[in-house]
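# Residue-level structural notes
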Amino acid sequence: MESPSPSPPPIPSTGDKALVSLYSSYLWTRLSGLLPNASVFMAKISNLYRQASRAWWRQRKPSLPLPIPVNSIDCSLITKETSRIFDVLEDVLEHLFSNLHIIEKNLQFWQSKAEESDSQRIYFFILERGPRAFITGVFQLIHTFLSEASSMQQLSHSASAYICERITILDGLRYRLAMFLAQVYLEISTHGDDLVNDPQKKLPSLLVTITALFANLEASIDDLHASHQLGSAVGRRYLSPLLFEKFPEAKEGQRTERDIRESVDLIHQNLEKLDCYLSLVVNWYRKPRKMARYWVRYTCGMVGLSVCSMWLVGHSRLVGSPDIDNWICEASESTLSFWNEHVEQPLLSIRDELFNTFRKRHKGVIDVEEVQLTANSLRRMLLAFAEQTTGKKLPENASDQEMLEVVMVRYEKELMHPIQNLLGGELVRALLIQVQKLKLDIETAMLELDQILKANEINFAILAALPAFFLSLLLLMLIRSWIMQDRGAEGRGKIARIQRRLLIVEVEKKIMQHQYYVDQGQEQDAQCMFGLMLYWLDRLYHAVERHAKATREWLCLRQDIIELGKPALPTAYKLRIMSRMDRVYDCLLPSPKR
């Protein structure tokens, strides 16, 4: 009995790797055909690679839990095959959440472009789609200008049609994936109690139901594929209709473990086909890459960089010019000087001021001993002059002010005959005493000033280090902003907190829209809204997990998120849970700085 041919190994579904996925599948098929005798070995390699890929996927990004009371499952009833079925159910949800996220990001971009003015759409249509689109848009503008009078209006219509086409395709894909996600989630939730009580019996029947849902998804995407010419003219040759693998026909009670393994492998193959198909389609209708949107800025930057490079070469050693070497030497000297004046010396001064006492400081401009010596000399001069002038001995406790008054009285009398007293009187002696008094006043002032400077040395050192401090602070802020880049709602700060609250708003909107369509009897639209609500719950689950674990709120918040995903829960109760989440949990509260 021949073993089934191995399926190609899964490749992560991204827009850049869509064609790579197709070619790898083709090469894998050719390799399996060239080695028919080694099909069993190749199948084992494929299974091992698929298991490793799924384990890496789950470890990298856990998603919203399955709607099953896992804690109530009897561990004795869980076999290896049962565990594989639970894993494949988680894989289905994870792939759907991932594809919906890619579609939602691109759809939000095109919807924002549709809300812009005509001039902004024309600017985007010509200048933000890459150089090739720029050349095409310029030729179209010239052609319409020469043939018609309203060239700008025609170009605006082309830009609007371009944007609307992408919105229509992506919105259709989102609608169908959301319906499929809701149907799978509802089936798992419906059989939740049976899966807990008898997983070995109920899980195979659930796989059959999911297979039928894959067939419905295939039919709905075929309708979209037929109603719209998906892809570019070149891409349509590589894009074939989506065809999922079908389960072998067998009765529910006759399914063996081998049939279950084959069913699990077929579901993984269908997921890979879905990822590959969506990667190709979304890659054609995705938002332009950052390089294409800002190619004008990058081109100007490259031109400016080229001019600067040529200018630098003209002043370098390559043409025999020493200018760059001189500039480097001057820059290094300026850097060293700035370091010494504003970093090293202020820090050394602060260190000396903090660890040395006042007496161990360096010598000032003048000492207290010098001032005291001048004061003693002045007192002796005043005492001798006063005793000689008055003719009597003064007491030891006579103040300098009293003796100075005697000097000034004698000085005024001597000034009445300055020439005569200058040669034979006491005028010169009185003048010398006043000079000594002036010297004492100057030294006293200098001593006080020196003490003030010494007392404020640490302040002056800190003031000198302020430029280096602010420069270091600015550098640290730039490094911090570069390291802690914006990670959306999962990050920190005011913007991330606002985005988490916007996720709450999206979940609440989808709950109310789901209830509205249920009341109107529009079953498919209601399923779509329920699927989108699950998608936004998954985004909220990722956004708050790390923050809620840090504040020890995760167990309660996780349970509330799971409760919101239960289909049987009344809408009023869900809105009450939303209100409690919005005002209780710290990671969902408004920013305190607002």
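Residues numbered from 1 in each chain as written. Predicted model: local features only at pLDDT ≥ 70, side-chain atom pairs only at ≥ 80, totals over all residues. Heavy atoms only, no water.

## Re the overall build of the protein
The number of helices and strands found in the protein is 21 helices and 0 strands. The buried share of the protein, taken over its 594 residues, is 37%. Carbon and sulfur atoms make up 59% of the accessible area of the protein, which amounts to about 35700 Å² in all. (Helix = DSSP H or I, 4+ residues; strand = E, 2+ residues; numbered from the N terminus. Buried < 20%, exposed > 50% of the residue type's maximum accessible area, 1.4 Å probe, protein only. Areas by Shrake-Rupley, 256 points an atom, 1.4 Å probe, with all protein chains shown as cover.)

## Side note on a nonpolar patch on the surface
Together, Phe469, Phe470, Leu473 and Met477 make up a nonpolar patch on the protein surface, roughly 430 Å² of accessible area in all. Looking at the secondary structure, you find Met477 in helix 17 (residues 457–483). (Patch = residues over 30% accessible without salt bridge, like charges linked within 9 Å, V, L, I, M, F, W, Y side chains within 5 Å. Salt bridge = Lys/Arg side-chain N within 4 Å of Asp/Glu carboxyl O.)

## Regarding the packing of aromatic side chains
This model, assessed by the stated rule, comprises 13 aromatic pairs. Aromatic pair Phe109 and Phe124: ring centres 6.0 Å apart, planes at 65°, arrangement edge-to-face. Of the two residues, Phe109 is situated in helix 3 (residues 80–114) and Phe124 in helix 4 (residues 118–127); the sequence distance between them amounts to 15 residues. Across the pair, exposure class does not vary: Phe109 and Phe124 are buried alike. (Phe/Tyr/Trp six-rings, centres within 6.5 Å; stacked < 30°, edge-to-face > 60°.)

## Here we look at helix 21 (residues 571–584)
Taking 1.5 Å of rise per residue, 14 residues should cover 20 Å, and helix 21 covers 20 Å from first to last C-alpha, within 8% of that figure. If you check which residues of helix 21 are buried, you get Thr571, Lys574, Ile577, Met578 and Met581. Burial along helix 21 is one-sided: seen end-on, the buried residues are contained in an arc of 115°. Away from the buried face of helix 21 by more than 90 degrees, exposed residues Ala572, Arg576 and Arg583 are located. Buried residues in helix 21 make contact with helix 18 (494–520), helix 19 (523–550) and helix 20 (554–564). (Expected span 1.5 Å × (residues − 1). Arc of directions from axis to C-beta. Contact = heavy atoms within 4.5 Å.)

## Thoughts on the environment of Ile562
Relative to the assigned elements, Ile562 resides in helix 20. C-alpha separation for the pair Ile562 and Leu66, spaced 496 residues apart in sequence, amounts to 8.8 Å.

## Some words on the packing of helix 18 against helix 21
When two helices pack together, you describe them by how their axes are tilted relative to each other and by the distance separating the axes. Relative orientation of the contacting elements helix 18 and helix 21 amounts to 170°, with a least axis distance of 11 Å. One way to sum up the angle between helix 18 and helix 21 is to call them roughly antiparallel. For the pair helix 18 and helix 21, contact is made by Arg501, Ile504, Val507, Glu508, Ile511, Met512 and Gln515 and by Thr571, Lys574, Leu575, Met578, Met581 and Asp582, respectively. Broken down by class, the residue content of the contact of helix 18 with helix 21 amounts to 7 nonpolar, 2 polar and 4 charged. (Axes fitted to C-alpha atoms, helices over the stretch in contact; angles between N-to-C directions. Parallel < 35°, antiparallel > 145°, perpendicular 65-115°, else oblique. Nonpolar A, V, L, I, M, F, W, Y, C, P; charged D, E, K, R; others polar.)

## Considering the environment of Arg429
Inspection of the secondary structure assignment puts Arg429 in helix 16 (residues 427–455). With a relative accessible area of 26%, Arg429 lands in the partly exposed category. Sequence spacing of Arg429 and Phe385 is 44 residues, and the spatial spacing of their C-alpha atoms is 8.3 Å. Ignoring sequence-local partners within four residues, the contact set of Arg429 consists of Ala384, Phe385 and Gln388.

## Thoughts on unusual backbone geometry
A negative phi angle characterises most non-glycine residues, just as the trans form characterises most peptide bonds. The phi torsion at Arg552 lies on the positive side, around 60°, for a residue other than glycine. Of note, Arg552 is situated in the loop between helix 19 and helix 20.

## Things to note about helix 16
Helix length check: helix 16, at 29 residues, gives a terminal C-alpha distance of 43 Å against a target of 42 Å (1.5 Å per residue), a fit within 8%. Turning to helix 16, its buried residues number three or more, namely Leu427, Ala430, Ile433, Gln436, Leu440, Glu443, Leu447, Asp450 and Lys454.

## Points about the pattern of salt bridges
Opposite charge on two side chains allows them to pair when their charged atoms are near. Considering all chains together, one arrives at 14 salt bridges under this definition. Between Glu563 and Lys566 there is a salt bridge, with its nearest N and O atoms 2.9 Å apart. Taking the relative accessible area as the measure of exposure, Lys566 reaches 35% and is therefore partly exposed.

## A word on the confidence of the model for the protein
When pLDDT is averaged along the protein, the result is 77, and 75% of the positions lie at 70 or above. In the predicted structure, residues 1–19 sits below a pLDDT of 50 and forms 43 contacts with residues beyond four places in sequence or in another chain. Taken as a whole, residues 54–60 scores under 50 in pLDDT and shows 9 contacts with residues more than four places along the chain or in a different chain. (pLDDT = per-residue confidence, 0-100.)

## Topic: the nonpolar core
Residues Leu274, Leu534, Val544, Leu557, Ile561, Met581 and Leu588 are the most contacted members of the largest nonpolar core, which totals 85 residues. In terms of residue count, helix 6 (residues 151–190) provides more of this core than any other element does, 15 residues in total. Beyond its immediate chain neighbours, meaning those up to four positions away, Val544 contacts Arg500, Trp554, Leu557, Ile561, Cys587 and Leu588. With 15 residues, the next largest nonpolar core counts Leu382, Phe385, Leu404 and Ala430 among its residues. (Core = buried A, V, L, I, M, F, W, Y, C linked by side-chain atoms within 4.5 Å.)

## Here's the deal with the packing of helix 18 against helix 19
It is the contact of helix 18 with helix 19, at a shortest axis distance of 8 Å, that shows an interaxial angle of 160°. Taken as axis vectors, helix 18 and helix 19 run roughly antiparallel relative to one another. Crossing angle aside, the handedness with which helix 18 passes helix 19 is left-handed. A per-class count over the contact of helix 18 with helix 19 returns 16 nonpolar, 3 polar and 5 charged. (Left-handed = near helix turned anticlockwise from the far one by under 90°.)

## A short note on the side chain of Arg121
Counting through the fold element by element, Arg121 comes out in helix 4. Residue Arg121 is classed as buried on the basis of its relative accessible area of 11%. Of the polar contacts made by the side chain of Arg121, one reaches the backbone oxygen of Ala114; its length is 3.2 Å. Not counting chain neighbours up to four residues away, the residues in contact with Arg121 comprise Lys113, Ala114, Glu116, Ser156, Ala159, Ser160 and Ile163. (Polar contact = N/O pair within 3.5 Å; in protein donor to acceptor, adjacent residues only side chain to side chain.)

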